[in-house]
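# Analysis of the macromolecular model
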Amino acid sequence: MTEATIELAPGSNVLALSPGEAAAFAAVADRLVTAHPHVDEALVAGARSAWDDLPVGTRRRIRAFRRDSGVSGVLVVRGLPLDVELPPTPSVGGSVQRTTTRAAAVLLLVACGLGDPAAYRQEKGGALVQDVVPVPGQEAFQGNAGSTELMLHNENAFHDHRPDYVLLLCLRADHDRVAGLHTSSVREALGLLPATTRALLGRPVFRTAAPPSFGFDSAGTPEQAVLTGDAEDPDVRVDFAATTAVTPDGQAALDELNRVLEAVARTRRLEPGVLAIVDNHVTLHGRSAFRPRYDGADRWLQRTFVLNDLRRSRDHRPGDGHVLER
Ligand SMILES: O=C(O)CCC(=O)C(=O)O
Ligand SMILES: [Fe+2]
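The protein chain has the name Clavaminate synthase family protein in an unreviewed UniProt entry, where Amycolatopsis minnesotensis is given as its organism. For the record of the protein chain, the UniProt heading Cofactor (unreviewed entry) holds the text "Fe(2+)". You can read under Sequence similarities (unreviewed entry) in the UniProt record for the protein chain the words "Belongs to the clavaminate synthase family."

Right, let's get into the overall build of the protein chain. Looking only at helices and strands, the protein chain features seven helices and 16 strands. Taken against the 2.2 N^0.38 rule, which gives 20 Å for 326 residues, the C-alpha radius of gyration of the protein chain at 19 Å falls within 12% of a compact globule. Reported as C-alpha extents along the three principal axes, the dimensions of the protein chain are approximately 55 × 45 × 40 Å. By the burial criterion, 54% of the 326 residues in the protein chain qualify as buried. The contacts of the protein chain with a sequence gap of at least 6 include a subset with a gap of at least 24, amounting to 80%.

Let us look at the packing of aromatic side chains. Considering all chains together, one arrives at four aromatic pairs under this definition. Residues Phe 65 and Tyr 165 carry aromatic rings whose centres are separated by 6.0 Å and whose planes lie at 45 degrees to one another, so their mutual orientation is tilted. Taken together, the residues span a long stretch of sequence, with Phe 65 in helix H3 (residues 56–67) and Tyr 165 in strand E6 (residues 165–172) at a distance of 100 residues. For the pair Phe 65 and Tyr 165, one class covers both residues: buried.

Definitions and cut-offs
- Residues numbered from 1 in each chain as written.
- Chains lettered and ligands numbered in written order.
- Predicted model: local features only at pLDDT ≥ 70, side-chain atom pairs only at ≥ 80, totals over all residues.
- Heavy atoms only, no water.
- UniProt positions renumbered as here; feature names shortened; annotations may be inferred.
- Helix = DSSP H or I, 4+ residues; strand = E, 2+ residues; numbered from the N terminus.
- Rg over C-alpha atoms; globule rule 2.2 N^0.38 Å.
- Buried < 20%, exposed > 50% of the residue type's maximum accessible area, 1.4 Å probe, protein only.
- Contact = heavy atoms within 4.5 Å.
- Phe/Tyr/Trp six-rings, centres within 6.5 Å; stacked < 30°, edge-to-face > 60°.

Following this line, the structure appears as structure tokens:
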């Protein structure tokens, strides 16, 4: 993976909040913190309604991204308001945010502008705001508790109702400022793939297992394609730590896709108050290695998933809540 850490054309996929916009955003988030102390359905309902109170420029850019996520499939929002006092970085597995903070409110506000927040019961208890922190003993884990290189993946690629967007908000950077969020878009990779490889990736010869964060060994999906939809602007569905081909030429095509996606990947060192919004249809993400110290000051992101259309997963959500039970 290259270490180049440059945004694409500045302004195209970066939204930098002005101090005035950040203050207005903070006021909206703080009203939610006061009105809804717990991260629950009431907070989500509050966030849905409070979205309309956010600064118009912020809403406009996020809505535009919803329609067209661009070549990179990533929108980076800078200068978001965070809590004034940040507690020590959690260091236990499965850590989630159950009480409402500014950061949690910010994530749910943005989620409500893009669609609806959602989570999976089998992963981190179905919490709508999850901590992404290094956990002692899990350094080599291919999941967000690890601190080794995390391979490029579509989030929950195995799941029929995988997120449409992944939101990753940085609360605290790593000690050495080396941990980078990798993103890589199939829109940038496609032109570098031979037609034969594209055709192979469009055949249903790939299986994807559930990630280890789901806490069970899955046999994997039925055989399915990695590239689907329009040939010129396909969706990609792959997790390089969990997807395998059932044919040798399929495996060669998968390896080729991995090489090309790594070659076009970007790496960003997130800073506090920076939110990366990843379009999970076209863009994979991963993370470079870093060295945690487990001293309460380690890297800390919070994560929320978004579904564009909750109705499509209704049979997975008894009671019509925001958590998919399977
Ligand atoms: O640690 C990161 O930057 C990303 C981890 C990740 O893939 C995730 O939380 O979904
Ligand atoms: Fe991920």
